[in-house]
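Each chain, letter by letter, is given below.
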Amino acid sequence: MSNFAMELVVKNEVNMLLLILAVALSILSDSVGASEYVRPLPRENLDFSLKPKPSASSPQQVHISLAGDKHMRVSWITDDTYSPSFVEYGTFSGNYEHTAWGESTSYSYLFYSSGKIHHVVIGPLEDLTVYYYRCGGEGPEFQLRTPPSQLPVAFAVAGDMGQTGWTKSTLDHIDQCNYDVHLLPGDLSYADYLQHRWDTFGELVQPLASARPWMVTEGNHEEERIPLLKEGFQSYNARWKMPSEESGSSSNLYYSFEVAGVHVIMLGSYVDYDEYSEQYDWLKKRVYKGRPDLCGAIHITIGDGGNREGLAQKYKEPQPKWSVFREASFGHGELKFVNSSHAYWSWHRNDDDEPVKSDEVWISSLVSSGCMVEKELGKTLYNN
């Protein structure tokens, strides 16, 4: 289970939109009450045994991520350890005006040895522009679209992905929506020590992850620690490099990035978070004395992209007043910052492989909602 938080702030001289997303295995949002819904059973893992094996120098598991202002990181794997780490790219198919060189790494895990893992940062790139690119000088051409520089901006949100039939359903639905960045808050491949499952996951998500930036963070299924033998997160850190250095972080497990004026902070659950930590103290202030607070942070707890473990079905009863909507279902979320005062959230469950919108909410900034005025008025009346 991924247990992580991220803070998204729309910067504006007048308005600030603060949204805290805590990621676990249910949905909480400011909307109508929970609907009656029959939870589906988990589906079997996907079978990749019949997939043809590419040539040793062909790029595999291609994915992209944001890497600082107007830059993108392209990552891929080759079986050939002599394959070069460079990316050719341009705004016209087959015509690559630019070339960027990067770095490579590899790792061993018990009896498994990874291929050569390449990371190349390209840019500066134009906003909201389609670029065509090729990895290592051969293989197929890929294309990506950069995010906008101004609002609106849209995020696809899905965690606990795994590699099951429900995962494929979720990815198909995400592919149908118009989004700029994918947020994956923990529990990616569900490899759980079986390293070849990292490879099959990379191939599974390549069609989407090579076209839009995937910003991910770790969950417990990425740890893969073996006491006295292996430190945790070796596979995750080698394969999914996020903009930690670009954002001043000392760890790939937590970082931040900006897109279209939205500042996103990805906090990992494998940084100190006990009851005496600063993170715990900060998180404890999401809910104020267990009561709804119009000026408080809005929590959206999300997971269930398709993992093999099934759905979390246990809730605290009776339902707290601050918990407005909850549903255990496989699916994905869409978060769109429309302007500096309003954002729109919707949850799309996989209902017999069809995306069905089961929850939606408009979120107002603190200033535009008027709650700050009411709060200050209340303080004034109290003091008088």
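Treat the numbers as computed from the prediction; the structure is a model and nothing was measured. (Residues numbered from 1 in each chain as written. Predicted model: local features only at pLDDT ≥ 70, side-chain atom pairs only at ≥ 80, totals over all residues. Heavy atoms only, no water.)

## Topic: the pattern of salt bridges
Here's step 1: The final tally for this structure, using the stated rule, is 11 salt bridges.
Here's step 2: For Arg73, the salt bridge goes to Glu246, with nearest N and O atoms at 2.8 Å. With Arg73 in strand E4 (residues 72-78) and Glu246 in the loop between helix H3 (234-239) and strand E16 (255-259), this residue pair connects regions lying 173 residues apart in the sequence.
Here's step 3: Residue Glu246 is classed as partly exposed on the basis of its relative accessible area of 37%.
Here's step 4: For the salt bridge of Asp172 with Lys168, the shortest nitrogen-to-oxygen distance reads 3.1 Å. Linking Asp172 with Lys168, this pair stays in helix H1 (residues 165-176), spanning 4 residues, or about one helical turn.
Here's step 5: One salt-bridge network, held together by shared partners, links Glu223, Arg225 and Glu231. (Salt bridge = Lys/Arg side-chain N within 4 Å of Asp/Glu carboxyl O. Helix = DSSP H or I, 4+ residues; strand = E, 2+ residues; numbered from the N terminus. Buried < 20%, exposed > 50% of the residue type's maximum accessible area, 1.4 Å probe, protein only.)

## Considering H1
For the α-helix, the turn length of 3.6 residues means that residues three or four positions removed from each other point alike.
Here's step 1: If you check H1, its first and last C-alpha atoms are 17 Å apart, about what 12 residues at 1.5 Å a residue would give, namely 16 Å.
Here's step 2: Of all the positions in H1, only Gly165, Trp166, Thr167, Ser169, Thr170, Leu171, His173 and Ile174 are classed as buried.
Here's step 3: You can read the cap of H1 off the contacts: a side-chain oxygen lies 3.2 Å from the backbone nitrogen of Trp166, and it is on Thr164. (Expected span 1.5 Å × (residues − 1). Polar contact = N/O pair within 3.5 Å; in protein donor to acceptor, adjacent residues only side chain to side chain.)

## Some words on helix H2 (residues 196-209)
Here's step 1: In a regular helix each residue adds 1.5 Å, so 14 residues correspond to 20 Å; H2 covers 19 Å between its end C-alpha atoms and thus fits that length.
Here's step 2: At Glu203, H2 shows its maximal kink, close to 30 degrees; a proline, Pro207, follows between one and four residues later.
Here's step 3: Of all the 14 residues making up H2, 11 are buried; the element is thus mostly covered by neighbouring parts of the structure. (Bend = angle between axes of the 7 residues up to and from the residue.)

## Points about the sheet that holds strand E6 (residues 98-101)
Whenever strands of a sheet pair, they do so through backbone hydrogen bonds, lying parallel or antiparallel.
Here's step 1: Reading across the sheet, the 4 strands line up as E6-E5-E11-E12 and stay open at both edges, with antiparallel pairing between neighbours. Among the strands making up the open sheet, the edge pair consists of E6 and strand E12 (142-145). Recorded for the sheet is a direction-independent mean angle of 30 degrees between the axes of neighbouring strands.
Here's step 2: As judged from the 4 bridges shared by strand E5 (residues 86-90) and strand E11 (residues 130-135), these two strands associate in the antiparallel manner. For Gly90, the partnering residue across the bridge sits in E11 and is Tyr132. (Pairing = 2+ DSSP bridges. Axes fitted to C-alpha atoms, helices over the stretch in contact; angles between N-to-C directions.)

## Some details on the nonpolar core
Here's step 1: Counting 70 residues, the largest nonpolar core has Ile122, Tyr133, Phe155, Trp214, Trp240 and Phe257 as the members making the most contacts within it.
Here's step 2: It is H2 that provides the largest number of residues to this core, a total of 6 residues. (Core = buried A, V, L, I, M, F, W, Y, C linked by side-chain atoms within 4.5 Å.)

## Brief notes about the confidence of the model for the protein
Here's step 1: Predicted confidence across the protein gives a mean pLDDT of 83, with 80% of residues reaching 70 or more.
Here's step 2: For the stretch residues 1-35, pLDDT sits under 50, and the model shows 161 contacts to residues farther than four places along the chain or on other chains. (pLDDT = per-residue confidence, 0-100. Contact = heavy atoms within 4.5 Å.)

## A few points about a nonpolar patch on the surface
Here's step 1: Among the surface-exposed residues, Leu110, Phe111, Leu228 and Leu229 lie close enough to one another that they form a single nonpolar patch of about 630 Å² accessible area.
Here's step 2: Residue placement: Leu228 occurs in the loop between strand E15 (214-217) and H3.
Here's step 3: Relative accessible area serves as the criterion here: at 91%, Leu228 is assigned to the exposed category. (Patch = residues over 30% accessible without salt bridge, like charges linked within 9 Å, V, L, I, M, F, W, Y side chains within 5 Å. Areas by Shrake-Rupley, 256 points an atom, 1.4 Å probe, with all protein chains shown as cover.)

## A word on the pairing of strand E13 (residues 153-157)
Here's step 1: Burial within E13 is extensive, with 5 of its 5 residues counted as buried.
Here's step 2: By the bridge criterion, 5 bridges tie E13 to strand E18 (residues 331-337) in an arrangement that is antiparallel. Note on E18: the bridge partner recorded for Val157 is Gly333.
Here's step 3: With 3 bridges connecting them, E13 and strand E14 (residues 181-185) associate as parallel partners. Paired with Phe155 across the two strands is Val181, which belongs to E14.
Here's step 4: In this view, the connection linking E13 to its parallel neighbour E14 by way of H1 has right-handed handedness. (Right-handed = clockwise from strand over helix to strand, strands pointing away.)

## As for the environment of Glu360
Here's step 1: Looking at where Glu360 falls in the secondary structure, it is placed in strand E20 (residues 354-364).
Here's step 2: Residue Glu360 is classed as partly exposed on the basis of its relative accessible area of 40%.
Here's step 3: For the pair Glu360 and Trp347, spaced 13 residues apart in sequence, the C-alpha to C-alpha distance is 6.4 Å.
Here's step 4: Polar side-chain contacts of Glu360 include one of 2.3 Å to the side chain of Tyr344.
Here's step 5: For Glu360, the side chain forms a polar contact with the side chain of Lys357, separated by 3.5 Å.

## Re the pairing of E5
Here's step 1: The element E5 is extensively covered by neighbouring structure, given that 5 of its 5 residues are classed as buried.
Here's step 2: Burial along E5 is two-sided: the residues Phe86, Glu88 and Gly90 and Val87 and Tyr89 are all buried.

## Thoughts on the packing of H1 against H2
Here's step 1: At a closest axis distance of 10 Å, the pairing of H1 and H2 adopts a crossing angle of 10 degrees. Classified by the interaxial angle, the pair formed by H1 and H2 is roughly parallel. Judged by residue contacts, Thr167, Leu171, Ile174 and Asp175 of H1 engage Leu204, Val205 and Leu208 from H2.
Here's step 2: Here the residues of the contact of H1 with H2 sort into 5 nonpolar, 1 polar and 1 charged. (Parallel < 35°, antiparallel > 145°, perpendicular 65-115°, else oblique. Nonpolar A, V, L, I, M, F, W, Y, C, P; charged D, E, K, R; others polar.)

## Observations regarding the environment of Met266
Here's step 1: As for its position among the elements, Met266 is in strand E17 (residues 262-267).
Here's step 2: For Met266, a relative accessible area of 0% puts it in the buried group.
Here's step 3: As for Met266 and Glu218, which are separated by 48 residues in sequence, their C-alpha atoms are 9.6 Å apart.

## So, the side chain of Ser210
Here's step 1: For Ser210, the position within the fold is in the loop between H2 and E15.
Here's step 2: Judged by relative accessible area, which is 5%, Ser210 ranks as buried.
Here's step 3: A polar contact is formed between the side chain of Ser210 and the backbone oxygen of Gln206, at a distance of 2.6 Å.
Here's step 4: The contact partners of Ser210, leaving out residues within four places of it in the chain, are Val62, His63, Ile64, Tyr133, Phe142, Gln143 and Leu144.

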